[in-house]
Amino acid sequence: MLKMGLKKLKVCTFWSVSIWVFVVLSFLVNMVQCQDLNDYDQVDNPAVLPFITSLVNSRLSNLTTVLSKDISDQASFCIKDQEADWNKAFNFSSNLDFLASCIQKTKGDITRRLCTAAEAKFYFDAFFKSSSATTLRPNKNCNLTSWVSGCEPGWACSVGPNQQVDLENSRVIPARTHDCQACCEGFFCPRGLTCMIPCPLGSHCPVATLSNATGICEPYSYQLPPGQPNHTCGGANIWADVRSSSEVFCSAGSYCPTTTQEKPCSSGHYCRMGSTSEKRCFKLTSCNSNTSNQDLHAYGIMLIVATITLLLIIYNCSDQVLTTRERRLAKTREAAAKSARETAKARQRWNIAKNAAKKHASGLQTHFSQTFSLKKSSKHPEELKILDPKRFETDEDLYAPTHMSTSSESLSSSAPSEGQKTEPGNLMQMMHEIEDGPDNYEGFDVGTHDRKSKGHMPKGKQPNTHSQIFKYAYAQIEKEKALQQENKNLTFSGVVSIATNPEIRKRPLIEVSFKDLTLTLKGKGKHLLRCVTGKIKPGRITAVMGPSGAGKTTFISALAGKAIGCKMTGLILINGKNESIRSYRKIIGYVPQDDIVHGNLTVEENLWFNAKCRLSAHLSKPDKVLVVERVIESLGLQMVRDSLVGTVEKRGISGGQRKRVNVGLEMVMEPSLLILDEPTSGLDSASSQQLLRALRHEALEGVNICMVLHQPSYALFQMFDDLVLLAKGGLTVYHGSAKKAEEYFAGLGIYVPARVNPPDHFIDILEGIVTPPASSGVNYKELPVRWMLHNGYPVPPDLQQSAARLAMPSASVGSANGTNPADAGMEERSFAGELWQDVRSNVELQRDSIRLNLLKFKDLSSRRTPGILWQYRYFLGRVGKQRIREAKIQATDYLILLLAGACLGTLAKTSDENFGAVGYTYTIIAVSLLCKIAALRSFSLDKLQYWRESASGMSSLAYFLAKDTIDHFNTVIKPVVYLSMFFFFTNPRSSFAENYIVLLCLVYCVTGIAYALAIFFEPGPAQLWSVLLPVVLTLVATQTRDSEILKKISNLCYPKWALEAFVIANAERYYGVWLITRCGALLKSGYNLHEWTLCIVILILTGAVSRLIAYLGMITFQKK
């Protein structure tokens, strides 16, 4: 029974559903068949109305689809996704109540009142042609001869009863003048059209009511037509941009789920103007009812606090890590130095005890021996040393600690031969046993270091830890000190010992010889150097002296290949070959007159960086440490090695110590030729002697040293090997041994008075302050000619007259003939001629500078320095340290940027009319200006340091990339700092990520431009350009583009692309009722919604091209 009941129920249900479907289909067929006659005559039937509404909605959807295709051709610049944008504006499927209400109001005549595609297109075309929809052009239904009530705003008419309407017809406007009545709510009826257009989503289009006070149909702004008392207020009359008419826009603080409903925003939600739904506020924000924006200040404060905390952690941790590391290294270094000193003292005590025991044993052996050894042992050790230095050195090696490899080898080779000659007694045997195994005897700890040549440590014995490295370095330094102490008196045997000692590594030798070297200033014909002949030799220290204007610096600049703007004649030979000195620049050190060092690095960091970049890449780290420690020790910089050098603003080490650091930068690269320009200026006598002793040690290794000096002390003068004395005009007065200078001048009748420093006396004579004795018959102006005649050099034509008076029988006067060049070029020149000559000279100077910078020379130095990648790594570490020590300056930059974001965010609120373009314009100017001025410091503050490092062979590319890489930190952080205030004050519709990406690319772009400004201009003009460029370019970029020339110029301005990216990102979030506003604003600005990616790419390319230009300028126009 139960089963049969279920079967009957199923049958009944099936038939009921079938009947219902049949009835519905019948109504639909009837409706479709009848719609062309009297539309929907059953609109009052509640069962039929939903189906009629759905059918009308489908026809309306077809209309908007056709319309969107036509409009998209003209509005493609403001419609990114055609289907999505039209759905957000005209997809009413979620609520069709307004459509059902209109169907009932028009009694099913709605489709005859809806605008066709042709009429809608006619309306929207007005925006593109006249930029206004308030006044339409005359048309078929509304013109001067035909103006029905449906032409008034807010009213519409129907077509004729027997006339068919094709809503999808986009070409012909139908005649529509029958049965005019007020526009339905949810639709708008423009003035000049007699049809209805559905209001877009996000709008509120109720029926208007007449205000008795103003006579205006509210909430709209149109009035009733005069002379028509039966005419009433209709519906909405216009849908345009928010600036022209904002009446249909859903008001701020409310949302409109349909075009006929407006609801206030509830508490905890916010509703922007034109919203279709309310949005929930974020946590920690305050949103009261009827709120149009959420208060995001709390998030801005949280973001800035997080950013500050992150920066503090980064800077403090980095600084703490560096400080801790330096402190640990300092402890390790001090322990190693202490251990080395103790070992050296123990070795010294061991040698004293050994010599005493040896002397005692030798005395006993002499007393008891009856052999020939009695005579041999009676000789003085110094005589043994002179007569048989090789045997003496072998004996010295015998008594060295056996842990050293060289002493072990000498012991095995020389001890047997010694034993063959003499048979030592028991005491001598005991001494040999102690030498063979000093560790077996208490009180002897003589160290465990290798005596191999520096830089050639045996493989497998490389120190690895910092402690081992420092022990190795300081042990070698102590040995060198002991060696210097042994050979302090420089006896014959001492000289032999120095020359043959394997611990002094000889460097590649460079001998520079010059013949008739003459330098003439281009354009002016002025001689800076004339007929200088001679040579500077390796292993010797040459002093270049003379009065002011004698061409001393010009002379050493010519030797170093740095003389530009001059015409050079004569020869400069390197090791007897006519080769460019720049081919050897990797092993040439040039110390400039100014102390060009990095003030925000410590003494040790300055020296270490030069050593890592300029020493051979094959040199091991222990040997590099040894080189640096030796230089620090020899220059007396131990006490200030961890002190900052200091700058003009921040005090550091003293001026004399800074001068020694300046010299040490070239000493740590172990040069073969070292040229110094006034290295003792600013140093006291003790510091000068210490510097000269350090240079003397370099000379012992074969270094060719040439330096310019001003009136050195007598003790300092005695330390020079050779002297080059120049007179005014660049002529040579003397070139030879410094010790024979007095003898030469004495031969001329010029004697140095008692208690007068010889170099001071010579320079006073050349200055004309002191006149030679009358008995000598010498005039100081004739001294260069006397030197030429003395050496048989050719005499220039303008000096032959003086040479003839002084000619001796053996003198050889140059055979050059011609007019006196002193008389040449003396004719009077016009002002234009002098001006042209100056311009020509400047052009030639720039040409020579560029040619010198770009010309490549074959490397003949045989030294392979670290490559670009390794140097990039070294530069990266150095620049990182400098930035950490400039944390206060960085913090000031961030603070100013933070205040700028807060001020502009408060003053420039985001406007819905232009999508926040005004605030973004201020943002571009402020961020560009502040970031450019900050980026100028990267290259404008250390130009001199770069020029010096580049001239020494360091990689310019590694330097530039390291600077740029470190600056990327600011590029990433600064947009966050600015937006943490600006974004949360203005609260635009675009996301934080979109604003950050645009601002990131903008900062990258302006940083590259700042690099170029810093490199091409001096600091003052560069700052001025950094201020002017953002303002001028932004003004050009925001001008209306009526002119094609102005449009092309604006396309070259980076603010145009940055502003477009900001506006596009914001405009994309405006949809629905905002569609016309979006298109109008973008059309006026000339922006395209599809070009956001293009804007980002152009900003990045501008930054990259600017960096390329800056790099090319850096390597091309640098001064050397």
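As the structure is a prediction and not an experimental result, all values here were calculated from the model.

The rules behind these values
- Residues numbered from 1 in each chain as written.
- Predicted model: local features only at pLDDT ≥ 70, side-chain atom pairs only at ≥ 80, totals over all residues.
- Heavy atoms only, no water.
- Helix = DSSP H or I, 4+ residues; strand = E, 2+ residues; numbered from the N terminus.
- Buried < 20%, exposed > 50% of the residue type's maximum accessible area, 1.4 Å probe, protein only.
- Contact = heavy atoms within 4.5 Å.
- Areas by Shrake-Rupley, 256 points an atom, 1.4 Å probe, with all protein chains shown as cover.
- Pairing = 2+ DSSP bridges.
- Axes fitted to C-alpha atoms, helices over the stretch in contact; angles between N-to-C directions.
- Core = buried A, V, L, I, M, F, W, Y, C linked by side-chain atoms within 4.5 Å.
- Phe/Tyr/Trp six-rings, centres within 6.5 Å; stacked < 30°, edge-to-face > 60°.
- Disulfide = S-S within 2.5 Å.
- Right-handed = clockwise from strand over helix to strand, strands pointing away.
- Parallel < 35°, antiparallel > 145°, perpendicular 65-115°, else oblique.
- Left-handed = near helix turned anticlockwise from the far one by under 90°.
- Salt bridge = Lys/Arg side-chain N within 4 Å of Asp/Glu carboxyl O.
- Polar contact = N/O pair within 3.5 Å; in protein donor to acceptor, adjacent residues only side chain to side chain.
- Nonpolar A, V, L, I, M, F, W, Y, C, P; charged D, E, K, R; others polar.
- Expected span 1.5 Å × (residues − 1).
- pLDDT = per-residue confidence, 0-100.

Draft legend 1. Highlighting the overall build of the chain. The helix and strand inventory of the chain stands at 36 helices and 19 strands. Here the chain holds 1120 residues, and the buried ones make up 49% of them. Across the chain, the fraction of contacts at a sequence separation of at least 24, relative to all contacts at a separation of at least 6, is 72%. Accessible area for the chain stands at about 54000 Å²; split by element, carbon and sulfur atoms hold 58% of it.

Draft legend 2. Fine view of the sheet that holds strand 13 (residues 541–545). Read from one edge of the open sheet, 6 strands run 15-16-17-13-18-19, paired in mixed fashion. Each end of this open sheet is capped by a strand with a single partner; those strands are strand 15 (588–591) and strand 19 (731–737). Recorded for the sheet is a direction-independent mean angle of 10° between the axes of neighbouring strands. Of the pairings in the sheet, the one linking strand 15 to strand 16 (residues 673–677) comprises 4 bridges and is parallel in character. For Gly589, the partnering residue across the bridge sits in strand 16 and is Leu674. Strands in contact with helix 19 (residues 685–700) are strand 13, strand 16 and strand 17 (704–708); relative to strand 17, the strand with the most contacts, it is inclined by about 150°.

Draft legend 3. Highlighting the nonpolar core. Membership of the largest hydrophobic core comes to 147 residues, with the highest contact counts inside it found for Ile110, Tyr123, Phe187, Met196, Trp239, Tyr978 and Met1114. The dominant element in this core, judged by the number of residues it contributes, is helix 31 (residues 992–1016), at 15 residues. Once residues lying within four places of it in the same chain are set aside, the contact partners of Phe187 are Phe98, Leu99, Cys102, Ile110, Leu114, Met196, Ile197, Pro198, Cys199, Cys205 and Ala236. Residues Val627, Leu692, Ile763 and Trp787 belong to the second largest nonpolar core, which totals 71 residues.

Draft legend 4. Just the packing of aromatic side chains, in detail. Using the criterion set out here, one finds 34 aromatic pairs in the structure. Summarising the aromatic geometry, the rings of Phe939 and Tyr1011 are spaced 4.9 Å apart at their centres and angled 70° between planes, so their arrangement reads as edge-to-face. In this pair, Phe939 is assigned in helix 28 (residues 917–940) and Tyr1011 in helix 31, connecting sequence segments 72 residues apart. Residue Phe939 is classed as buried on the basis of its relative accessible area of 3%. With a relative accessible area of 0%, Tyr1011 lands in the buried category.

Draft legend 5. Representation of the sheet that holds strand 14 (residues 566–574). Spatially, the 3 strands line up as an open sheet ordered 12-11-14, and their pairing is antiparallel. Looking at strand neighbours, the two that pair on one side only are strand 12 (527–536) and strand 14, the edges of this open sheet. In this sheet, adjacent strand axes meet at a mean angle of 5° when their direction is disregarded. Here helix 15 (residues 552–559) sits on the sheet and contacts strand 11 (512–521), strand 12 and strand 14; the angle it forms with strand 11, its principal contact strand, is near 120°.

Draft legend 6. Examining the pairing of strand 13 more closely. The buried count for strand 13 comes to 5 of 5 residues, which makes it a mostly enclosed element. Here strand 13 shows no split at all, with Ile541, Ala543 and Met545 on one side and Thr542 and Val544 on the other all buried. The pairing of strand 13 with strand 17 spans 4 bridges and is classified as parallel. Opposite Val544, over in strand 17, you have Val708 as the bridge partner. Looking at chain direction, strand 13 and strand 18 (residues 722–727) are connected through 4 bridges and run parallel. Pairing of Met545 across the sheet is with Leu725, part of strand 18.

Draft legend 7. Focus on the state of the cysteines. By the definition in use, this model includes 11 disulfides. Here Cys157 pairs with Cys180 through a disulfide, and the sulfurs are 1.8 Å apart. Taking the sign of the torsion about the S-S bond as the criterion, the disulfide between Cys157 and Cys180, at about 95°, is right-handed. Here the residue Cys157 occupies a position in strand 1 (residues 155–159), and Cys180 occupies one in strand 2 (residues 176–182), the gap between them amounting to 23 residues. At a sulfur-sulfur separation of 2.2 Å, the disulfide partner of Cys183 is Cys189. One disulfide, between Cys183 and Cys189, carries an S-S torsion of 80° and so falls in the right-handed class.

Draft legend 8. Here's a closer look at helix 29 (residues 943–951). Helix 29 sits mainly inside the fold: 8 of its 9 residues count as buried. All of the buried residues in helix 29 are Lys943, Gln945, Tyr946, Trp947, Arg948, Glu949, Ser950 and Ala951. Note on helix 29: the residue one or two positions beyond its end, Gly953, has a positive phi of about 105°.

Draft legend 9. Here's a closer look at the pairing of strand 16. In terms of burial, strand 16 is largely enclosed, as 5 of its 5 residues are buried. Judged by which residues are buried, strand 16 turns out to be covered on both faces: Leu673, Ile675 and Asp677 on one side and Leu674 and Leu676 on the other are all buried. In this sheet, strand 17 lies alongside strand 16 in parallel orientation, the contact comprising 5 bridges. Residue pairing for strand 17: Leu674 is matched across the bridge by Ile705. Taking the sense of rotation as the criterion, the β-α-β connection linking strand 16, helix 19 and strand 17 turns out right-handed.

Draft legend 10. Structural detail: the packing of helix 27 (residues 887–907) against helix 30 (residues 956–986). The N-to-C vectors of helix 27 and helix 30 enclose an angle of 25°; their axes lie 7 Å apart at closest approach. In terms of their interaxial angle, helix 27 and helix 30 are classed as roughly parallel. Seen along the crossing, helix 27 lies across helix 30 with a hand that is right-handed. Across the interface between the two elements, Gln890, Asp893, Tyr894, Leu897, Leu898, Ala900, Gly901, Ala902, Leu904, Gly905 and Thr906 of helix 27 pack against Phe969, Asn970, Ile973, Lys974, Val977, Tyr978, Ser980, Met981, Phe982, Phe985 and Thr986 of helix 30.

Draft legend 11. Examining the pattern of salt bridges more closely. The tally for this structure, following the rule as stated, stands at 28 salt bridges. Between Asp595 and Lys659 there is a salt bridge, with its nearest N and O atoms 3.2 Å apart. Residue Asp595 is found in the loop between strand 15 and helix 16 (603–614), and its partner Lys659 is found in helix 18 (residues 655–667); the two are separated by 64 residues along the sequence. The closest approach of N and O atoms between Asp721 and Arg696, which form a salt bridge, is 3.1 Å. Linking Asp721 in the loop between helix 20 (714–717) and strand 18 with Arg696 in helix 19, this pair joins segments that are 25 residues apart in sequence.

Draft legend 12. Layout of the side chain of Gln882. If you trace the backbone, Gln882 turns up in helix 26 (residues 868–885). Here the side chain of Gln882 touches His598 through a polar contact of 3.3 Å, side chain to side chain. Within the structure, the side chain of Gln882 is placed 3.1 Å from the side chain of Asn600, a separation counted as a polar contact. When neighbours within four sequence positions are excluded, Gln882 is seen to be in contact with His598, Asn600 and Leu601.

Draft legend 13. Structural context of the packing of helix 16 against helix 18. Two elements in contact, helix 16 and helix 18, have axes whose closest approach is 8 Å; the angle formed by their N-to-C orientations is 20°. Relative to helix 18, the element helix 16 lies roughly parallel. For the pair helix 16 and helix 18, the sense of crossing is right-handed. Contacts from Val603, Asn606, Leu607, Asn610 and Arg614 of helix 16 reach helix 18 at Val661, Gly664, Leu665 and Glu666. When its residues are assigned to classes, the contact of helix 16 with helix 18 shows 4 nonpolar, 3 polar and 2 charged.

Draft legend 14. Inspection of helix 36 (residues 1092–1116) at higher detail. The end-to-end C-alpha distance of helix 36 is 36 Å, a good match for the 36 Å that 25 residues give at a rise of 1.5 Å each. Of all the positions in helix 36, only Cys1095, Ile1096, Leu1099, Gly1103, Ser1106, Arg1107, Ala1110, Tyr1111, Gly1113, Met1114, Ile1115 and Thr1116 are classed as buried.

Draft legend 15. Local environment of the confidence of the model for the chain. Averaged over every residue, the pLDDT of the chain is 78; residues scoring 70 or more account for 78%. Segment residues 370–456 is flagged for pLDDT under 50; beyond a separation of four residues in sequence, or across chains, it makes 116 contacts in the model.

Draft legend 16. Spatial organisation of the environment of Asn290. Take Asn290: it is sitting in the loop between strand 10 (279–280) and helix 7 (297–368). Residue class for Asn290 comes out partly exposed when judged on its relative accessible area of 48%.

Draft legend 17. The side chain of Thr53, seen in detail. Note on placement: Thr53 falls in helix 2 (residues 49–74). Thr53 sits in the buried class, given a relative accessible area of 4%. When neighbours within four sequence positions are excluded, Thr53 is seen to be in contact with Leu96, Leu99, Ala100 and Ile103.

Draft legend 18. Structural detail: the environment of Leu167. In this fold, Leu167 is placed in the loop between strand 1 and strand 2. A C-alpha to C-alpha distance of 7.8 Å links Leu167 and Arg59, two positions 108 residues apart in sequence.

Draft legend 19. Up close: unusual backbone geometry. A cis amide bond, omega 10°, links Glu218 with the succeeding residue Pro219. Tracing the chain through its elements places Pro219 in the loop between strand 6 (217–218) and strand 7 (254–255). Phi at Asp179 is positive, roughly 50°, even though this residue is not glycine. Summarising the element assignment, Asp179 is placed in strand 2. The phi dihedral of Asn987 falls on the positive side, at around 50°, and the residue is not glycine. Mapping Asn987 onto the fold places it in the loop between helix 30 and helix 31. The class of Asn987 is buried, set by a relative accessible area of 7%.

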